[in-house]
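Descriptive structure summary
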Amino acid sequence: MRIIFTIAHFFKPTNEGRHASQRKDPQPRLQALIKSLTALHQLFGKSQSIINIAQRLAFPVNQPQCHEIDIVICTTQDNHLLNQLSLPSHLYKHYSTNVEPLLLGFECQAVLQSCLGQYDYYCFLEDDLIIHDPWFFIKLNWFTQQAGDLNLLQPNRYEVSPYGLVHKAYIDGDLALRVTASFQNVQEQQELKGTILNTPITFCRALNPHAGCYFLNANQMAHWANQSYFLDRDISFVGPLESAATLGIMKTFRVYKTSPEQASFLEIQHSGTGFLGLIGGQVGLADK
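Reading guide: rules and limits
Residues numbered from 1 in each chain as written. Predicted model: local features only at pLDDT ≥ 70, side-chain atom pairs only at ≥ 80, totals over all residues. Heavy atoms only, no water. Helix = DSSP H or I, 4+ residues; strand = E, 2+ residues; numbered from the N terminus. Buried < 20%, exposed > 50% of the residue type's maximum accessible area, 1.4 Å probe, protein only. Polar contact = N/O pair within 3.5 Å; in protein donor to acceptor, adjacent residues only side chain to side chain. Contact = heavy atoms within 4.5 Å. Pairing = 2+ DSSP bridges. Axes fitted to C-alpha atoms, helices over the stretch in contact; angles between N-to-C directions. Salt bridge = Lys/Arg side-chain N within 4 Å of Asp/Glu carboxyl O.

In the annotation of an unreviewed UniProt entry, the entry for the chain reads Calcium-binding protein, and the organism field reads Nostoc flagelliforme FACHB-838.

This is the structure we're talking about:
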């Protein structure tokens, strides 16, 4: 299988530094990007081996789950950290633009469109997201085989920390119905149920389809790119960043996430603790 990943990457320090991409210390953002890139190659690339101690030889492993992957990092102007990446340059390609930083997600869409017909999966990630599940695409493929290409499964995004009131928190909980009502009808096919490894699992229409990423198979990407609104740069969902990542797929597909009881079935880590740290302060902790 051939997979293309596009990553929207931006860093420009400011005095206020409200977001991780604007803080004076580049190290947290740099480390997040390094972890994101290395995880993609380690989980899905073909360079995986097992050491046979008796023969003192390293043999290939996990090859049925290994794929040909390409990673394209989209940046704007000189506002990036690629010159500080301590990684071999052949692990990714650099696509430079001059767009507004919050619109980089749309440039990633343009890259994916330019590659139609060349890949089996077309993916987008913000630069602080890290996959840890080597069966990630197996799960996605299983879902579409069961549910069809017009139903899209999004991962649950989470943060972790050994400190604080909660050690792990999923950060994209339900939005008010009115926030997405103009773009999706969550009453349509509200739930899908299945069984995997003898375990029942429930998928729910997402009141918050945002995850800072998406993963489309070839049929899904072609279908989306054929819509009249593709790359119209509509920013009417929350803001430009959220719209670039989520609005197009929300208009095109019935978006699902696994129920809270099984949130970890398909998940992706958000680097840092910006949301997790709100619990106990701006976000209360509900009773069990």
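Having seen the model, we can carry on.
A few words on the side chain of Gln269. Counting through the fold element by element, Gln269 comes out in strand E15 (residues 267–270). Looking at Gln269, the relative accessible area reads 15%, which means it is buried. A polar contact is formed between the side chain of Gln269 and the side chain of His132, at a distance of 2.6 Å. The residues contacting Gln269, other than those within four sequence positions of it, are Asp128, Leu129, Ile130, His132, Tyr158 and Val160.

To continue, consider the sheet that holds strand E1 (residues 2–8). Overall, mixed pairing links the five strands, which are arranged E5-E4-E1-E6-E13 in an open sheet. Each edge of the open sheet carries a strand with a single partner, namely strand E5 (93–97) and strand E13 (213–217). Recorded for the sheet is a direction-independent mean angle of 20° between the axes of neighbouring strands. Bridge analysis of strand E6 (residues 121–126) against E13 gives five bridges, and the strand direction is antiparallel. Bridge pairing links Phe124 to Tyr214 in E13. Contacting E1 and strand E4 (68–76), helix H1 (residues 27–44) crosses the sheet at an angle of about 165° to E4. Sheet strands in contact with helix H2 (residues 104–114) are E1, E4, E5, E6 and E13, and its direction is about 160° off that of E1.

Okay, the pattern of salt bridges next. If you walk through the whole model with that rule in mind, you get twelve salt bridges. In this structure, Glu107 and Arg233 form a salt bridge, with 3.1 Å as the shortest nitrogen-oxygen distance. Of this pair, Glu107 sits in helix H2 while Arg233 is found in the loop between helix H5 (218–225) and helix H6 (240–252), placing the two residues 126 residues apart along the sequence. We classify Glu107 as buried; its relative accessible area is 10%.

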